[in-house]
Amino acid sequence: MTLLRIEDLNIDYVTLRGRLRAVKSASLTLGGGEWLSIVGESGSGKSTLAMSIPGLLLPPGRITSGRIIFRGKDLTSMSGEELRRIRGSEIGVVFQDPLTSLDPLRTIGDQMAEAIMEHRSASSKREALEMASAALESVGIPGDRVKYYPHQLSGGQRQRVMIAMAVMLKPKLLIADEPTTALDVIVQANIMRLLKSLQQRMGMSVMLITHDIALAAEVSDRIAVMYAAEIVEEGPIDQVIENPLHPYTEALIKSTPDLWREKTLYTIPGNPPDLRSPPRGCRFHPRCHKAFEPCKAKEPRPTRLRGRTVACHLYG
Amino acid sequence: MALLEVEDLKKYFIQGDLVDRLLRRVRTVKAVDGVTFKLGKGETLALVGESGSGKTTTGKLVLRLLEPTGGRIVFDGVDITRMKEGELRKLRPRMQMIYQDPYASLNPRMEVGRAIAEPLVVHGRASWSEARREALEMLERVGLTPAKDFYRRRPIQLSGGQRQRVVIARAMILKPNLLVADEPVSMIDVSMRTSILKLLLDFKKEYNMSMIMITHDLAVARLVAERVAVMYLGKIVEMGPTEDILHNPSHPYTEALIAAAPTIVPRARKPRLRIKGEIADPSRIPSGCRFHPRCPYSDSSKCIEKEPQLRGDSRIVACHYPLTR
Ligand SMILES: Nc1ncnc2c1ncn2[C@@H]1O[C@H](COP(=O)(O)OP(=O)(O)OP(=O)(O)O)[C@@H](O)[C@H]1O
Ligand SMILES: Nc1ncnc2c1ncn2[C@@H]1O[C@H](COP(=O)(O)OP(=O)(O)OP(=O)(O)O)[C@@H](O)[C@H]1O
Ligand SMILES: [Mg+2]
Ligand SMILES: [Mg+2]
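Residues numbered from 1 in each chain as written. Chains lettered and ligands numbered in written order. Predicted model: local features only at pLDDT ≥ 70, side-chain atom pairs only at ≥ 80, totals over all residues. Heavy atoms only, no water.

(A) Fine view of the overall build of chain A. When its secondary structure is counted, chain A shows 11 helices and 12 strands. Over its C-alpha atoms chain A spans a radius of gyration of 20 Å, differing by no more than 12% from the 20 Å that the globule rule assigns to 316 residues. For chain A, the proportion of its 316 residues judged to be buried stands at 54%. For chain A, restricting intrachain contacts to residue pairs at least 6 apart in sequence, the fraction spanning at least 24 positions comes to 65%. Distance between charge centres in chain A, computed from 41 positive and 35 negative side chains, equals 3 Å. (Helix = DSSP H or I, 4+ residues; strand = E, 2+ residues; numbered from the N terminus. Rg over C-alpha atoms; globule rule 2.2 N^0.38 Å. Buried < 20%, exposed > 50% of the residue type's maximum accessible area, 1.4 Å probe, protein only. Contact = heavy atoms within 4.5 Å. Lys, Arg positive; Asp, Glu negative; His and termini not counted. Charge placed at Lys NZ, Arg CZ, Asp CG, Glu CD.)

(B) Geometry of the coordination of the magnesium ion (ligand 4). For the magnesium ion (ligand 4), the full set of protein donor atoms is Thr56(B) (OG1) and Gln100(B) (OE1), at a range of 1.9 to 2.4 Å. Here Thr56(B), found in helix α2 (residues 55–62), pairs with Gln100(B), found in the loop between β6 (95–98) and α4 (112–122); they are 44 residues apart in sequence, far enough to count as distant. (Donors = N, O, S within 2.8 Å, 3.2 Å for Na, K, Ca; no water.)

(C) Spotlight on the site of ligand 2. Residues and elements named next belong to chain B. Neighbouring residues of ligand 2: 14 residues in total, closest Ser-51, Gly-52, Lys-55, Thr-56 and Thr-57. Note that an oxygen atom of ligand 2 is positioned 3.2 Å from one of the backbone N or O atoms of Ser-53. Within the side chain of Thr-57, one N or O atom sits 2.5 Å away from an oxygen atom of ligand 2. Taken by itself ligand 2 offers 640 Å² of open surface, and the protein chains cover 67% of this. Taken together, the elements giving at least two residues each to the shell around ligand 2 come down to β1 (2–15), β2 (27–40) and α2. (Near = heavy atom within 4 Å. Polar contact = N/O pair within 3.5 Å; in protein donor to acceptor, adjacent residues only side chain to side chain. Areas by Shrake-Rupley, 256 points an atom, 1.4 Å probe, with all protein chains shown as cover.)

(D) View of a nonpolar patch on the surface. A cluster of nonpolar side chains, Leu18(B), Val19(B), Leu22(B) and Leu23(B), forms an exposed patch at the surface whose accessible area comes to about 440 Å². Secondary-structure assignment places Leu18(B) in helix α1 (residues 18–22). (Patch = residues over 30% accessible without salt bridge, like charges linked within 9 Å, V, L, I, M, F, W, Y side chains within 5 Å. Salt bridge = Lys/Arg side-chain N within 4 Å of Asp/Glu carboxyl O.)

(E) Structural context of the site of ligand 1. Residue and element names in this part refer to chain A. Taken together, 16 residues lie around ligand 1, and Ser-42, Gly-43, Lys-46, Ser-47 and Thr-48 are the ones closest in. For ligand 1, a nitrogen atom lies 3.4 Å from a polar atom in the side chain of Tyr-13. Protein chains bury 68% of the 630 Å² of accessible surface belonging to ligand 1 in isolation. Per-element tally for the shell around ligand 1: the top contributor is helix α1 (residues 46–52), with 3 residues. Of the residues that constitute the shell around ligand 1, the class distribution is 6 nonpolar, 7 polar and 3 charged. (Nonpolar A, V, L, I, M, F, W, Y, C, P; charged D, E, K, R; others polar.)

(F) How the structure looks around the interface of chain A and chain B. With 38 residues of chain A at the interface, the matching set in chain B holds 40 residues. Between chain A and chain B the total buried area reaches about 3,500 Å² when both faces are included, carbon and sulfur atoms providing 63% of it. Among the residues chain A hides against chain B, the three largest losses belong to Ile186(A), Leu259(A) and Trp260(A). Together they make up 22% of the total. Applying the counting criterion to the chain A and chain B interface returns 2 salt bridges. Between Glu242(A) and Arg267(B) there is a salt bridge, with its nearest N and O atoms 4.0 Å apart. The interface formed by chain A and chain B contains 12 residue pairs in polar contact (both at pLDDT 80 or more). Top element by residues in the side of chain A that touches chain B is helix α7 (residues 185–202) of chain A. It accounts for 6 residues. Residue composition of the side of chain A that touches chain B, grouped by class: 16 nonpolar, 12 polar and 10 charged. (Buried area = accessible area lost by both parts, 1.4 Å probe.)

(G) View of the sheet that holds β2(B). Residues and elements named next belong to chain B. What the 4 strands build is an open sheet, ordered β2-β1-β4-β5; its pairing is antiparallel. In this open sheet, the two edge strands, each paired with only one partner strand, are β2 and β5 (78–79). When β1 meets β2, the two strands line up antiparallel, connected through 11 bridges. Residue Gln-15 lies in a different strand from β2, and its bridge partner there is Arg-27. The strands touched by α2 within the sheet are β1, β2 and β4 (70–75), with β1 carrying the most contacts at an inclination of about 120°. (Pairing = 2+ DSSP bridges. Axes fitted to C-alpha atoms, helices over the stretch in contact; angles between N-to-C directions.)

(H) Structural context of helix α7 (residues 160–172) of chain B. Residue and element names in this part refer to chain B. A rise of 1.5 Å per residue sets the reference length of α7, with its 13 residues, at 18 Å; its end C-alpha atoms lie 18 Å apart and thus fit the reference within 8%. For α7, the set of buried residues is Gly-161, Arg-163, Gln-164, Arg-165, Val-166, Val-167, Ile-168, Ala-169, Ala-171 and Met-172. At its buried positions, α7 is contacted by β6, α4, α5 (128–141), β7 (178–182) and α8 (190–207). (Expected span 1.5 Å × (residues − 1).)

Geometric descriptors of this kind do not, in isolation, establish any biological role.
Written out as structure tokens, the structure is:
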């Protein structure tokens, strides 16, 4: 069953320095209960793509064309009010830095209760606070911590609070944008395990944004690889990891330091392009060791191949 | 001979004002609580451990950027533990630090080329025009080309990776003997980390520089360090050659760090050990083995009552029941 279908989505930022296409012709589907991770280098458009779904694009970001079908409805044609209602109740969002999304002057219980009341999921403040404390318990924080202020919690605990807030109204989809990037490895592993168990327990779909393909590999069902605003490869995680089709995916895997592989100092040559003036043809061709003539001239189209999608001239 | 010798190093932060003192509610934060190690010339030691384990404090102490509470620091044969700032000034160019916070380390209003050139002038090594020429060479060297163009940029006009190259260039222009690199790649894309680390390795080889690499990521430690010291709550709990530690951890905490490192290898035979909870507050260090409340193997009163001492030679570990191979 498809929960989310993104069709040929284009997103632009128009600034004084010109127009920049941060997401180009992106198409994706996400099944109910499925975990899809979006990986790629900094600036490749991961956050822009993910945040456009619940209507959280920062100005001057704008969807210029395409559709985002969530549970049968096109989110791109919804009003701000309708989207606000969907956020929290049907789509939960977790950001990288919990401190910027929590109000330092109010207790976390207060903030959670307010979000619950907003969606009319509780009849009184007291009931809302009880729900908040149960939500904290579900992420491994003692329920009485509703009385705490954000600064009284560690970074890992604050991220757990954010997760509790994102899932307390039982959304169908959780979008987590680099939820562990600011945390150390042990806290990261615990948070990832929490997300995985919540996904399984609640039957929720997850979209994880990360630049760490190893992190994605351990938890995902599917993975989409972005390069310079485009999805260059998409497919079941095991297949993509074991047999990457796109040379960029291959390079990304090879360049990731990993304790469990032979030590290598491999790096992808060159730098990602400026999205204001991306290279002609395939955007990866200047850095690709398999590039041949057509790559410089023609943009590769996404091709279906054994349950996967890849955009590369090597595959016709 | 070792370039750096650190013995029983301690840093206690006293928290509380006069009133707290009168009411006897001052807290003593034991950020570093007895750290001993040696660092050879041209050697890299990785300091690994969770957030709050005392890595940054240790790094700042050995460079005398913080006043130690106790212990001894010997740099190139000279005891610098209580050395006055005036004398330290002469040594400063030989010891450099790359700071954890990438935003704090560069002045947002200064051209990055000038930021790289500045230490040469400040330490009286060159005039501005000479320094400028050397900074241009350095920009070239760290891959920021065309150098003339990059020289004039401000930090905000650089990507995270480029900014870190500038920070490295600034630290390297004085050709230091010792570099403390505090999480130099944690804010950078995983796929770009190796290129930054490679740059550090190149400088290390060229200057025969010794390096302390602070990181919570063992995969980073593995790429650059001959030896690893695992820190927990202000103490080194295990230390030894990197590959050896990674293949045969002796301390349960080391095993937990290894288990927490994500891997792309399907069905990797990595240890399953998971530890719960969070690192304790360093003003209330647990009795006995400071790791015992989180240790899945601790069930004896020994762990609760008696502090394990570091034992061993090239491989050392502080645990009453070290893991057997
Ligand atoms: N508010 C904005 N105004 C103008 N350009 C923007 C804005 N937000 C993002 N961009 C640009 O859009 C592109 C994609 O950015 P995005 O943040 O989606 O990438 P990302 O893959 O999430 O990167 P990161 O890993 O650094 O978070 C980048 O080139 C970025 O500079
Ligand atoms: N100036 C200070 N005053 C009081 N406590 C401090 C001070 N500096 C550090 N600490 C405390 O000392 C402990 C060790 O801190 P330190 O920054 O050295 O840890 P770290 O291992 O570098 O952690 P991280 O990975 O988060 O950078 C922490 O509990 C910290 O809160
Ligand atoms: Mg992002
Ligand atoms: Mg630190």
